[in-house]
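Reading the structure
What follows is the residue order along each chain.
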Amino acid sequence: MLAGLGVVAFSLTFPSTVWGLESFGPWSLVAVRSTLAALVAGVFLLVGRVPLPERRHWAGLAVVGGGVVVGFPLLTSLALRTSTTSHAAVVVGLLPLTTAAFAALRTGRRPSRTFWIAAVSGAVVVLGFTLGESGGSLSTGDLYLFGALLVCAAGYTEGGRLAALMPGWQVIGWALILCLPLMLAASAVALSLEPVHLNAHGVVGLLWVALGSTFFGLYVWYRGMAAIGIPKASQLQLAQPLLTLVWSVTLLGETLSPAAPAAAVAVLVCIAVTQRSKS
């Protein structure tokens with residue numbers, strides 16, 4: 001349930017980013033969202049009187065910060081200037097498989113052959129669906145999207161490992177605090193260089209990506225990964241592109257293809273198989 005809540009929160013990230021880009025430039029949006037999330041995390045850490053992490057954990061927290069606090073938001077924001085949300089969802093479709101591969105290399109765990117067959121099948125279904133939705137062509141933002149895929153998988157894997165050693169909210173909290181000095185400086189520079197046109201969509205989008213996706217989403221996500229394991233939790237994200245398409249229809253007015261229900265059923269079958277397979 002915790003990992004599933006994280007997936008729901010993440011599924012709103014791309015539509016919220018599109019809204020945020022109505023008011024902010026891509027660099028400003030990422031810097032300000034990370035700064036806001038870090039300030040909220042700092043309050044929670046102070047109120048909870050949480051001690052500093054052990055020195056051996058700081059390198060892992062840096063990977064989390066570089067991957068999910070800075071890298072993924074920045075690369076996807078740059079991509080969404082030219083790519084639609086449905087096209088960008090291809091990244092999320094491939095993320096579970098990439099995260100499972102990173103986890104196998106990082107932790108030494110080897111999921112079963114059934115797990116890998118279901119995971120690859122789910123990734124193929126989602127990839128085919130999202131490419132079909134975008135007409136089968138690659139956008140100019142694809143390099144940004146595939147770069148985001150790699151850095152996010154690394155951040156998820158390291159965060160899931162650390163969440164087994166400390167509470168998940170502390171993992172993302174300390175990663176945000178670690179990035180705060182850089183994000184404060186980046187906010188000052190970006191806001192002075194990129195024009196800001198505030199409107200309701202832009203403010204709501206900024207608040208959601210800062211507090212919903214970055215803080216709450218990663219908090220429940222890392223707790224879920226610690227409970228059921230990185231590979232299995234990552235496969236729940238196979239449903240994320242389809243949820244993103246639903247939000248794209250309701251929030252952005254995009255048209256949903258008739259193929260969506262069939263793809264949704266196929267993805268849910270793959271998820272069920274990965275959840276029942278032995279790790």
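Below: a short report on this structure. (Residues numbered from 1 in each chain as written. Predicted model: local features only at pLDDT ≥ 70, side-chain atom pairs only at ≥ 80, totals over all residues. Heavy atoms only, no water.)

**Observations regarding the overall build of the protein**
Counting its secondary structure elements, the protein contains twelve helices and zero strands. Counted from the first residue to the last, the protein has its helices and strands arranged as α-α-α-α-α-α-α-α-α-α-α-α. Against the 2.2 N^0.38 benchmark of 19 Å for 279 residues, the protein shows a C-alpha radius of gyration of 18 Å, consistent with a compact globule. In terms of its C-alpha atoms, the protein occupies a principal-axis envelope of roughly 45 × 40 × 30 Å. Per-residue burial for the protein yields a buried fraction of 53% across its 279 residues. Counted over contacts in the protein with a minimum sequence separation of 6, partners at least 24 positions apart contribute 92%. Averaged over its 14 positive side-chain charges, the protein has a centre that lies 20 Å from the centre of its 7 negative ones. (Helix = DSSP H or I, 4+ residues; strand = E, 2+ residues; numbered from the N terminus. Rg over C-alpha atoms; globule rule 2.2 N^0.38 Å. Buried < 20%, exposed > 50% of the residue type's maximum accessible area, 1.4 Å probe, protein only. Contact = heavy atoms within 4.5 Å. Lys, Arg positive; Asp, Glu negative; His and termini not counted. Charge placed at Lys NZ, Arg CZ, Asp CG, Glu CD.)

**A short note on the nonpolar core**
Nonpolar side chains tend to gather and get buried jointly when the protein is soluble and globular. One finds Val-68, Tyr-156, Val-171, Leu-176, Leu-218, Trp-221 and Tyr-222 to be the most contacted residues of the largest nonpolar core, which totals 50 residues. Among the secondary structure elements, those contributing two or more residues to this core are helix H1 (2-11), helix H3 (26-47), helix H4 (58-79), helix H5 (85-107), helix H7 (142-163), helix H8 (168-193), helix H9 (200-228) and helix H10 (230-235). Take this core: its biggest share by element is nine residues, from H8. Excluding residues within four positions of it along the chain, Tyr-156 makes contact with Phe-10, Val-68, Leu-95, Thr-99, Leu-218, Trp-221, Tyr-222, Met-225 and Gln-237. (Core = buried A, V, L, I, M, F, W, Y, C linked by side-chain atoms within 4.5 Å.)

**Describing helix H2 (residues 13-20)**
Counting buried residues along H2, seven of its eight residues qualify, which places the element largely inside the surrounding structure. If you check which residues of H2 are buried, you get Thr-13, Phe-14, Pro-15, Ser-16, Thr-17, Trp-19 and Gly-20. As for H2, its buried residues are in contact with H1, H3, H4, H5, H9 and helix H11 (240-252).

**Quick look at the packing of H3 against H4**
Axis separation between H3 and H4 bottoms out at 9 Å; the angle between their running directions is 150°. Comparing their axes, H4 and H3 come out roughly antiparallel. Of the two elements, H3 crosses H4, and the hand of that crossing is right-handed. Here Pro-26, Trp-27, Leu-29, Val-30, Arg-33 and Ser-34 of H3 lie close against H4, whose contacting residues are Val-69, Val-70, Pro-73, Leu-74, Ser-77 and Leu-78. Tallied by class, the residues present in the contact of H3 with H4 amount to nine nonpolar, two polar and one charged. (Axes fitted to C-alpha atoms, helices over the stretch in contact; angles between N-to-C directions. Parallel < 35°, antiparallel > 145°, perpendicular 65-115°, else oblique. Left-handed = near helix turned anticlockwise from the far one by under 90°. Nonpolar A, V, L, I, M, F, W, Y, C, P; charged D, E, K, R; others polar.)

**A word on the pattern of salt bridges**
This structure, assessed with the given rule, holds two salt bridges. For Arg-56, the salt bridge goes to Glu-54, with nearest N and O atoms at 2.6 Å. The closest approach of N and O atoms between Glu-158 and Arg-161, which form a salt bridge, is 2.6 Å. You can see Glu-158 and its partner Arg-161 sitting in helix H7, three residues apart, about one turn around the helix. Residue classification places Glu-158 among the buried positions, given a relative accessible area of 6%. (Salt bridge = Lys/Arg side-chain N within 4 Å of Asp/Glu carboxyl O.)

**Some remarks on the packing of H2 against H11**
Their axes nearest at 8 Å, the elements H2 and H11 cross at an angle of 35°. Along the contact surface, H2 presents Phe-14, Pro-15, Val-18 and Trp-19, while H11 presents Thr-244, Trp-247, Ser-248, Leu-251 and Leu-252. Here the contact of H2 with H11 is composed, by residue class, of seven nonpolar, two polar and no charged.

**Quick word on the environment of Ile-117**
Of note, Ile-117 is situated in helix H6 (residues 113-133). Judged by relative accessible area, Ile-117 falls into the exposed class, the value being 53%. Sequence separation between Ile-117 and Val-273 is 156 residues, and the spatial gap between their C-alpha atoms is 9.3 Å.

**Here we look at a nonpolar patch on the surface**
Together, Leu-191, Val-196, Leu-198, Val-203, Leu-207 and Leu-211 line one region of the surface with nonpolar side chains, adding up to about 480 Å² of accessible area. Sorting elements by how many residues they give to the nonpolar patch places H9 first, with three residues. Residue placement: Leu-211 occurs in helix H9. (Patch = residues over 30% accessible without salt bridge, like charges linked within 9 Å, V, L, I, M, F, W, Y side chains within 5 Å. Areas by Shrake-Rupley, 256 points an atom, 1.4 Å probe, with all protein chains shown as cover.)

**Examining the packing of aromatic side chains**
Taken as a whole and assessed by the stated rule, the structure comprises eight aromatic pairs. When the ring of Tyr-156 is compared with that of Trp-221, the centres are 5.5 Å apart and the planes differ by 55°; the resulting orientation is tilted. With Tyr-156 in helix H7 and Trp-221 in helix H9, this pair connects stretches of sequence that are 65 residues apart. The class for Trp-221 is buried, based on a relative accessible area of 0%. A connected cluster of aromatic rings, assembled from ring pairs, spans Phe-10, Tyr-156 and Trp-221. (Phe/Tyr/Trp six-rings, centres within 6.5 Å; stacked < 30°, edge-to-face > 60°.)

**Description of unusual backbone geometry**
Even without glycine at this site, Arg-49 takes up a positive phi of about 50°. Secondary-structure assignment places Arg-49 in the loop between H3 and H4. A residue is classified by how much of its surface remains accessible, and Arg-49, at 77% relative accessible area, is exposed.

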